[in-house]
Amino acid sequence: MAEVVEPVRRYLARRTDQATAEDVLSETLLVLWRRLEDVPPHEPVPWAVGVARLQLANATRSARRQERVAAKETVHAVAGPPVRDPAETTTDKVLLEHALAQLRPGDAELLRLWAWEDMDAKAIATAQGASPGTVAVRLTRARARLRQQLEALGAGSDARGEGAR
Amino acid sequence: MSPDERPEEEDRELREHLRGLDPAADLPPLAREDVAALLARITVTDPAVRDGEHDVAPGDADVAPGDADVVAADELADRRTWRETRSSGSTRRRRALGAVVGLAAATAVVVAGVSLGRGTGASTVPLAAGGVQPGAPASLCAEVDVQALEATTSAVAAETLAVEDGQVRLEVTEVFRGDLQVGDTLTVPQGDPMTAVVDGASLTYDVGTTYLLSTVPTAGSSADQAAGAADAEEQPDLAVANCGRSGPDGGELRDLYEQAFGG
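Residues numbered from 1 in each chain as written. Chains lettered and ligands numbered in written order. Predicted model: local features only at pLDDT ≥ 70, side-chain atom pairs only at ≥ 80, totals over all residues.

A word on the overall build of chain B
Where we set the bar: Secondary structure elements follow DSSP: runs of H or I of four or more residues count as helices, runs of E of two or more count as strands, with numbering from the N terminus. Once C-beta atoms are placed from the backbone, each residue is buried if 20 or more other C-beta atoms lie within 10 Å of its own, exposed if 12 or fewer, and partly exposed for counts between those two. Here, residues touch in the contact sense if the C-beta positions derived from the backbone fall within 7 Å of one another.
The helix and strand tally for chain B stands at seven helices and nine strands. In chain B, which comprises 263 residues, the proportion classed as buried is 34%. When contacts within chain B are restricted to residue pairs at least 6 apart in sequence, those whose partners lie at least 24 apart make up 63%.

In structure tokens, the structure reads:
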């Protein structure tokens, strides 16, 4: 089970505040411990990320219920990446952040799982409880939409990942 | 060139750009001893020890990404469904409430929840739904008489306030016998309408209807208490007495209650 700790911890750190991430990490590990027999032996990390995804959704609901407004904003960070100070980033990064934020949440999350969690379509499918074929199609479309957004924002070909063409 | 035909190299480049936005890029990994301590804490403190709570997992809820509310709602629905299933199954393994009279009494108990907590003011008291469960052989009930009622441990009249998620909530309106008090809330699993016509079946409750309910100790309740608080919390001490000893208020049953309990 130790192998999933760091990937799940990072998945959560990317999407919520530190306190919530720690709580949800513990809850996720507890679920894994209880359901060890259900964990796919060849892809424990995507499965664990899928558990963390649902646990985080539950935490978000609880946070809303308790009207923890300040925490709620950070708990719900799954809706988009944190806004950075443009002075700290390159222009391409700013454009990429904006482009990602303008995608549909589902598309943006697919791209985050693909890039940040280093998952392919099969792993994302496991994490989301979806079919690999469907995820592969959606992932391709999400990449295309991101490129379209970048183009609309005036990003160069390099920022769109088209420098290799 | 269509999006589907983009070279892998371009996708790799886009991926690298996206990684540049990774908010956890600078997050140092946990030390090995911290991981070990975390896992030890989980495995040592888990009260359910892989046998208890329902947990959500990928595929449990088919929901679009980012739709946290729907995920949570589906999860809750899954939990409710699972708990009902589990309650019936696990309890069936643990014990069986003996037959009232007669043959092949496969009376099971559907557990509702927490222990009986008596104190000042109104309490919420879970009851097990005594009675034949779906698929089990029927009891053969004797005719209800005063002697049958006198064998019960408590008897009340209670009005059904709500039926939600397979659980019935009733308020005690009259006490004939036992520790229950007027104003107490009773919770009991709803009976299965499919078995309602079976002799000895669990009651099915209608909202707004008042029922005369008598109770009997659940089988093994003493052993449950001795087994420890955690386990005992899952098992009500009382089950609704079936075989005609409980039912809608009125008529012959009301007369019997008043005769048996001096109402």
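Resuming the write-up.
Details of the overall build of chain A
Tallying secondary structure elements over chain A gives eight helices and zero strands in all. Its helices and strands taken in sequence order, chain A reads α-α-α-α-α-α-α-α from the N to the C terminus. Across chain A, every contact between residues at least 6 apart in sequence was considered, and the portion connecting residues at least 24 apart equals 63%.

Considering the nonpolar core
Inclusion rule: Buried Ala, Val, Leu, Ile, Met, Phe, Trp, Tyr and Cys residues whose C-beta atoms connect them within 7 Å together make up a nonpolar core.
Within the largest apolar cluster, 52 residues are counted, with the highest numbers of intra-cluster contacts made by Val8, Leu12, Ala48, Ala52, Leu111, Trp114 and Ile124 of chain A. Elements with a contribution of two residues or more to this core: helix H1 (2–13), helix H2 (18–34), helix H3 (44–65), helix H5 (91–102), helix H6 (105–115), helix H7 (121–128) and helix H8 (132–152) of chain A together with helix H1 (8–19) of chain B. With eleven residues, the single largest contributor to this core is H3 of chain A. Those residues in contact with Val8 of chain A, other than ones at most four positions away along the chain, are Leu25, Thr28, Ala48, Val49 and Ala52 of chain A. Counting residues in each nonpolar core, the second largest holds 31 residues, with Leu149, Val156, Leu170 and Tyr205 of chain B among its members.

Points about unusual backbone geometry
Phi at Asp118 of chain A is positive, roughly 60°, even though this residue is not glycine. Structurally, the position occupied by Asp118 of chain A is in the loop between H6 and H7. Here Asp118 of chain A falls in the partly exposed class, since 13 other C-beta atoms lie within 10 Å of it. Located in the positive-phi region is Asp165 of chain B, a residue other than glycine, with phi close to 55°. Relative to the helices and strands, Asp165 of chain B resides in the loop between strand S4 (154–164) and strand S5 (167–177).

A short note on the pairing of strand S6 (residues 185–189) of chain B
Put simply, the rule is: A pair of strands is labelled paired if DSSP reports no fewer than 2 bridges between them.
Examined bridge by bridge, strand S2 (residues 124–126) of chain B and S6 of chain B share three bridges and lie parallel to one another. Each residue of the ladder has a partner; that of Val125 of chain B, found in S6 of chain B, is Leu186 of chain B.

Quick notes on the packing of H6 of chain A against H8 of chain A
Residues and elements named next belong to chain A. Note the cut-off: Each axis is a line fitted through C-alpha atoms, taken for helices only over the stretch in contact, and angles between the N-to-C directions span 0 to 180 degrees. Throughout this description, any angle smaller than 35 degrees is read as roughly parallel, any larger than 145 degrees as roughly antiparallel, any in the 65 to 115 degree range as roughly perpendicular, and the remainder as oblique. When residues are grouped by polarity, Ala, Val, Leu, Ile, Met, Phe, Trp, Tyr, Cys and Pro land in nonpolar, Asp, Glu, Lys and Arg in charged, and all others, Gly among them, in polar.
At a closest axis distance of 9 Å, the pairing of H6 and H8 adopts a crossing angle of 100°. It follows that H6 is roughly perpendicular to H8 by the angle criterion. Contacts between H6 and H8 involve Asp107, Leu110, Leu111 and Trp114 from the first element and Arg138, Leu139, Ala142, Arg143, Arg145 and Leu146 from the second. Here the residues of the contact of H6 with H8 are counted per class, giving six nonpolar, no polar and four charged.

Structural notes on the confidence of the model for chain A
Counted only if it meets this: On a scale of 0 to 100, pLDDT captures the predictor's confidence in every residue.
When pLDDT is averaged across chain A, the result is 81; 78% of the residues are at 70 or more. Here helix H4 (residues 69–75) of chain A stands out as the element of chain A with the lowest mean pLDDT, 47, in contrast to H6 of chain A, whose mean of 94 is the highest.

Things to note about the confidence of the model for chain B
Residue and element names in this part refer to chain B. Of the residues in chain B, 53% reach a pLDDT of 70 or more, and the chain-wide mean stands at 65. Predicted confidence for residues 133–139 stays below pLDDT 50, and this span has 22 contacts to residues more than four positions away or in other chains. Taken as a whole, residues 222–233 scores under 50 in pLDDT and shows nine contacts with residues more than four places along the chain or in a different chain. Scored as a complex, the prediction yields pTM 0.47 and ipTM 0.80.

A short note on the pairing of S5 of chain B
Residues and elements named next belong to chain B. Pairing of S4 with S5, which is carried by nine bridges, proceeds in the antiparallel orientation. Bridging across to S5, Ala162 finds its partner in Arg169. Two strands pair when backbone bridges link them, and S5 and S6 are joined in this way by five bridges, in the antiparallel orientation. Within S6, the residue paired with Leu170 across the bridge is Leu186.

Considerations on H2 of chain A
Put simply, the test is: To estimate the expected span of a helix, count its residues, drop one, and scale the result by 1.5 Å.
The first and last C-alpha atoms of H2 of chain A sit 24 Å apart over 17 residues, in line with the 24 Å expected at 1.5 Å per residue. Within H2 of chain A, burial applies to Thr20, Ala21, Val24, Leu25, Thr28, Leu29, Leu30, Val31, Leu32 and Arg34 of chain A.

Describing H6 of chain A
Within H6 of chain A, nine of the eleven residues are buried, leaving the element largely enclosed by the surrounding structure. Buried residues along H6 of chain A sit in contact with H5, H7 and H8 of chain A together with H1 of chain B.

Some words on the packing of H6 of chain A against H1 of chain B
Relative to each other, H6 of chain A and H1 of chain B sit at 95°, their axes nearing to 9 Å. It follows from the interaxial angle that H6 of chain A and H1 of chain B lie roughly perpendicular. Counted together, Leu111, Trp114 and Ala115 of chain A of H6 of chain A and Arg15, Leu18 and Arg19 of chain B of H1 of chain B form the full contact between these two elements. In terms of residue class, the contact of H6 of chain A with H1 of chain B is built from four nonpolar, no polar and two charged.

A word on the environment of Pro7 of chain A
Residues and elements named next belong to chain A. Mapped onto the secondary structure, Pro7 falls in helix H1. Looking at Pro7, the number of C-beta atoms within 10 Å reads 18, which means it is partly exposed. Look past the residues within four positions of Pro7 in its chain and what remains in contact with it is Val45, Val49 and Glu117.

Let's talk about the environment of Gln128 of chain A
Relative to the assigned elements, Gln128 of chain A resides in helix H7. C-alpha of Gln128 of chain A to C-alpha of Val51 of chain A: the two residues are 77 residues apart in sequence and 9.0 Å apart in space.

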